[in-house]
Amino acid sequence: MSPPRRRQVAKFSDLLDALAERFSPVHLDVVKRAYVFSARVHKGQVRVSGEPYLNHLIEVAYVVTQMKMDPESVAAALLHDTVEDTGTSLEQVEEAFGNRIRDMVESLTKISRIDFKSREEKQAENFRKMVLHLAGDYRVLLVKLADRLHNMRTIEYLPPERREKVAEETMQIYGRLAHRLGVDWIRRELEDLAFRALKPVLYRNIETQLKKLRTAREDLVKEVTETVSAKLKEMGIQHEVEARLKNVFSIHRKMEMEGLEFDQINDILGFRIIAETTNDCYAALGAVHAVYTPVPGRFKDYVALPKANMYQSLHTCVIGPAGFRMEVQIRTRDMHWVAEEGIAAHWRYREGRSGTSKEDETFAWLRRMIEWQKSIRDPNEFLDSLRLDLYADDIFVFTPKGDIRRFPKSATPLDFAYSIHSGLGHHCVAAKVNGRLVELGYVLTDGDTVEIVTSPTQTPKKEWSDLVKTAKARASVRRWVKREEREKSRRLGRELLEKELIKHGVNLEVVLQNGALAGVLEGFQLTEVEKLFQKIGYGKLAVGDVAEKLLPGGEPKKDLTQRIITPIQQIFMRAMGRTPGVVKVEGKSDVLVHFGRCCDPLPGESIVGYMVYGKGVSVHAASCPNAMRHDPERRVDVKWDLKEGNTLPVKIRVFSADTMGLLAKISRVISKTKTNIISARVYTTHDQKAVQIFELVVSDADQLHSVMRAIEKVPSVIAVERFREAAG
């Protein structure tokens, strides 16, 4: 069975009791010493809730024991905040507990110590750093998951803004990490806790309906359990049958994605059969199909083809009593253990090494993340790749030779090509899928056989990054495109400088040969001429400023200054309703600033700027995927430069039930927040839902979030989101 949803550990003895079930007293010594050490250095410290800080450490350590981890991991959990929150040094930790525990504590400390300019950059670099330290010890990630789980269990004590940020990060990253690592019981609880913090009204509504369903279906559960058990006993199969309910967030996600009401979801209630052997699993599948009619197309064999997170089980959907559709999962005890514990179930720590070569295969995804952080320089791009892989559901396709390869759902032939070799991907022009010629954007499905068609003249295109679904392929495409952009900028920069110098009778080739550029490079803190050309091409250096330093004395400087912004461009920007004064470009003045239409950042949101030659600085939200496509060398520091009274238009979209008077209710709620409505339009969908789009005038992101939270509390409202009708 999976661990309980919540277990408050009142005493350290509870922790020892849990460990004593699997380890001898001599192995528990390190845990006892870690507890005494932490109790001493954290003495007098309290959490926001007012409880002693030591309670948090015990709770985290207890979660680690629930993952069936070793005593060293439990000790590291007890010590994980000692360096960060007390005067303890890493040397003191090593002296008391040895180098392995010291390394784990150091890795956990470094993850939280990094200070960056924006929340998004800090989040991105935190995970990049975490992945880097996983190279030394994968257990760090499991302790980090345990730490986040207990923080989420006590999230109600945080102030609202902080609570929302932590819950959002948990939903986007930590819940998906738990899923990818196969620790399903932690995934379920993290998702539900984050969902409850972000959408309390929706959470309570679904939770209430779940309780009613559980009561209403007691007789059905009993009937199905007895019927299936009788059939399995008749076949001589040892087994257990148990009913299970989807967690609250999984139900909400399915309702949103498929546009369903609660009572339209067929697999809220399901059944699980635990058998003794793999052969028994397949026999049990036949027994279930003999008793209940299977639903065509709803069978999945994850025993023969396990998921990337090691999950194995047979899934089938059948029509039960009174036409009730229900999912049945069938697995062995070992498979069930892995399904709940994931990577923790495979952990073996012997003399500082992890398990056997077969067990090492289960760490393939973690090793892939480590390779990403080495090859992807931009932390935001790394986080984008991480999210891409975290959200992937698997499909299996075949090579022409019959080898099986795993890909995320919606993968394309380009992903297949890059998985084999980057050169094959770069020159891919089409593919043959099941013998039929298809385009690069074709979406692969389970069981496809793929053959790549190449051409020596083909090279990656920028738009390929939208076609691929794997982090490896996307990183390869972006590296190629950025390399090409750098080369284009280098050529452009050289050409611009050459033309500027010709105006004044100076030959660039002569300048390059006589070494006159050496002093110029030093003045701009550069070491290579090529970098100088690139910066001119990117627009980060004005060509006039460079030329001025190369020309003979007495040359009129005003004739050489090349301004990036023109009066006509300034007028155009004002006409577009985007005043340059809202954002300040650090280190530059009179620079044209325009906002990315793809993300429309608001004051208060973290932003990044990129030089676009001849167009000034393009400002994007730090988390905008389009911003990540730009070369990091084009990035310039930008910050909000707000004046009192500055406002910006923004659109939101509200999904709700189609009920009379709802538009008026939402409009009143918006007015109560002292937010002006520019326009509103409403339409209904084919499934009798209402969609309302409001254009509002707000001063910053905080005001927008306050409006959205207020709307979410209106009865019949399903979801509220930021809305952008056009990208550019």
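Conventions and cut-offs
Residues numbered from 1 in each chain as written. Predicted model: local features only at pLDDT ≥ 70, side-chain atom pairs only at ≥ 80, totals over all residues. Heavy atoms only, no water. Patch = residues over 30% accessible without salt bridge, like charges linked within 9 Å, V, L, I, M, F, W, Y side chains within 5 Å. Areas by Shrake-Rupley, 256 points an atom, 1.4 Å probe, with all protein chains shown as cover. Salt bridge = Lys/Arg side-chain N within 4 Å of Asp/Glu carboxyl O. Lys, Arg positive; Asp, Glu negative; His and termini not counted. Charge placed at Lys NZ, Arg CZ, Asp CG, Glu CD. Helix = DSSP H or I, 4+ residues; strand = E, 2+ residues; numbered from the N terminus. Axes fitted to C-alpha atoms, helices over the stretch in contact; angles between N-to-C directions. Parallel < 35°, antiparallel > 145°, perpendicular 65-115°, else oblique. Contact = heavy atoms within 4.5 Å. Nonpolar A, V, L, I, M, F, W, Y, C, P; charged D, E, K, R; others polar. Buried < 20%, exposed > 50% of the residue type's maximum accessible area, 1.4 Å probe, protein only. Pairing = 2+ DSSP bridges.

K.L.:
Give a detailed account of a negative patch on the surface, specifying residues and quantitative values.
P.N.:
Negative charge collects at one region of the surface, where Glu-218, Asp-219, Glu-223 and Glu-226 lie side by side. Within the fold, Glu-226 resides in helix α13 (residues 218-234).

K.L.:
Which residues make up the packing of helix α11 (residues 184-198) against helix α12 (residues 200-216), and what values do they have?
P.N.:
Packing of α11 against α12 leaves a shortest axis separation of 5 Å and a crossing angle of 125°. It follows that α11 is oblique to α12 by the angle criterion. Taken together, the residues of α12 that come into contact with α11 (itself represented by Asp-192, Phe-195, Arg-196, Ala-197 and Leu-198) are Pro-200, Leu-202, Tyr-203 and Ile-206. Split by residue class, the contact of α11 with α12 holds seven nonpolar, no polar and two charged.

K.L.:
Can you explain the pattern of salt bridges? Please cite residues and give values.
P.N.:
Enumeration over the complete set of coordinates arrives at 32 salt bridges. Glu-242 is the salt-bridge partner of Arg-272, the closest N and O atoms lying 3.0 Å from each other. Here Arg-272, found in strand β2 (residues 269-275), pairs with Glu-242, found in strand β1 (residues 239-245); they are 30 residues apart in sequence, far enough to count as distant. We classify Arg-272 as buried; its relative accessible area is 10%.

K.L.:
Give me the lowdown on the sheet that holds strand β21 (residues 676-684), citing residues and values where you can.
P.N.:
Sheet architecture is open: four strands sit in the order β21-β22-β20-β23, paired in antiparallel fashion. The strands lining the two open edges of the sheet, one partner per strand, are β21 and β23 (717-723). In this sheet, adjacent strand axes meet at a mean angle of 20° when their direction is disregarded. Bridge count for strand β20 (residues 648-657) against strand β22 (residues 689-698) is 10 bridges, and the pairing is antiparallel. Note that in β22 the partner of Pro-649 across the bridge is Val-697. Lying over the sheet, helix α30 (residues 662-672) contacts β20, β21, β22 and β23, oriented at roughly 25° with respect to β22.

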